[in-house]
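# Architecture at a glance
Each chain, written out:
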Amino acid sequence: MRALFLLLLLVSCAVAPDGTPSPPASLRLVSYNIKHGLGMDGVLDLERVGDFLAATGADVVLLQEVDELASRSGGVDQAAALGARLGMTAHFAPFMDFQGGRYGLAILPPP
C-alpha cells in the first residue's frame, strides 16, 4: 500500500527539468471482483481471470473476493498466482478465515 501511495504522489508531483509542470502521466487502475475465480458460467478458472486482467493493460490491479489457500478454490493463493501471472507484486489483506484458508482483498502493484 505504501508503494502505491508513493507512486501516486510521484506521478502527481512530476516537474520537468526547467521547473514547469510535466503533462499528466497515465496510470491505469483496474478494480475487479474475482468471486474466487468463479465465472458467470459457474466454472472456477483463475487462469481466465488472469487472461482478462492481462488484457486490460492495468498498471495496478485491485481485487475483491480473493481466496488464499481455501478449499473451494483448490487451496491456491490466488493473489500470489495472479501477481505472478501479471508480473506484479501481490499484497493480500484477509478479513476472515475460510475453508482452511482465508478470504479477503488484494492489491497488485508493479514490482
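Note: the structure precedes this text.
First, a word on what this report is: a plain description of the structure on this page. Along each chain, numbering runs from 1 in the same order as the chain's sequence is written. Two thresholds apply to this predicted model, a pLDDT of at least 70 for residue-level local features and 80 or more for giving and counting side-chain atom pairs, whereas whole-chain, interface and lining totals are computed over all residues. In computing side-chain properties, one takes all heavy atoms of the structure into account and sets aside hydrogens as well as water.

### Regarding the overall build of the protein chain
Numbering of helices and strands runs from the N terminus; a helix is a DSSP stretch of H or I covering at least four residues, while a strand is a stretch of E covering at least two. Along the backbone of the protein chain there are three helices and four strands. Mapped from its N terminus to its C terminus, the protein chain presents α and β elements in the order α-β-α-β-α-β-β. Think of it in three bands: residues with accessible area under 20% of the maximum for their type are buried, residues over 50% are exposed, and the middle band is partly exposed, with areas taken using a 1.4 Å probe on protein chains only. Counting across all 111 residues of the protein chain, residues that qualify as buried make up 30%. Whether two residues touch is decided by their heavy atoms; if any such pair falls within 4.5 Å, the residues are in contact. For the protein chain, restricting intrachain contacts to residue pairs at least 6 apart in sequence, the fraction spanning at least 24 positions comes to 59%. Only the protein chains shown count as cover for residues, with accessible areas throughout obtained via the Shrake-Rupley method and a probe of 1.4 Å. In the structure as shown, the protein chain presents an accessible area of about 6600 Å², 63% of it carried by carbon and sulfur atoms.

### Things to note about the sheet that holds strand β3 (residues 91–98)
Strand pairing follows a simple DSSP-based rule, namely that at least 2 bridges must link the two strands. Judged by pairing direction, the sheet is mixed, and its four strands sit side by side in the order β1-β2-β4-β3 without closing on themselves. Two strands lie at the open edges of the sheet, namely β1 (29–33) and β3, each paired on one side alone. Averaged over neighbouring strand pairs, the angle between their axes works out to 15° when direction is ignored. Lying over the sheet, helix α2 (residues 46–56) contacts β1 and β2 (60–68), oriented at roughly 160° with respect to β1. To get an axis, a line is fitted to the C-alpha atoms, and for a helix only the part in contact is used. The angle between two axes follows their N-to-C directions and goes from 0 to 180 degrees. Where helix α3 (residues 78–86) meets the sheet, its contacts fall on β2, β3 and β4 (101–108), and the angle it forms with β2 comes to roughly 145°.

### Focus: the pattern of salt bridges
Where side chains of opposite charge bring their charged atoms close, a pairing between them can arise. The salt bridge criterion pairs a side-chain nitrogen of Lys or Arg with a carboxyl oxygen of Asp or Glu, the two atoms within 4 Å. Throughout the structure, instances matching the rule amount to five salt bridges. Several salt bridges converge on common partners, so that one network encompasses Glu47, Asp51 and Arg85.

### Focus: the environment of Ala106
Locating Ala106 in the fold gives a position in strand β4. Along the backbone, Ala106 and His91 are 15 residues apart, and their C-alpha atoms lie at a distance of 5.5 Å. Dropping the residues within four chain positions of it, Ala106 is found in contact with Val61, Leu62, Leu63, Val66, Ala79, His91 and Phe92.

### Remarks on unusual backbone geometry
The backbone of His36 shows a phi angle near 50°, a positive value even though the residue is not glycine. A positive phi angle, close to 45°, is found at Gln99, a residue other than glycine. Mapped onto the elements of the fold, Gln99 is located in the loop between β3 and β4.

### Comments concerning the side chain of Asp67
Mapped onto the elements of the fold, Asp67 is located in strand β2. Looking at Asp67, the relative accessible area reads 0%, which means it is buried. Polar contact is the term for a pair of N or O atoms within 3.5 Å; when the atoms are in protein, one must be able to donate a hydrogen and the other to accept it, and sequence-neighboring residues count only if both atoms are side-chain atoms. A polar contact of 2.8 Å, which involves the side chain of Asp67, links it to the side chain of Arg72. Within the local environment of Asp67, its side chain forms a polar contact with the side chain of Ser73, the two groups lying 3.0 Å apart. Once residues lying within four places of it in the same chain are set aside, the contact partners of Asp67 are His36, Arg72, Ser73, Val76, Asp77, Gln78, Ala79, Arg102 and Tyr103.

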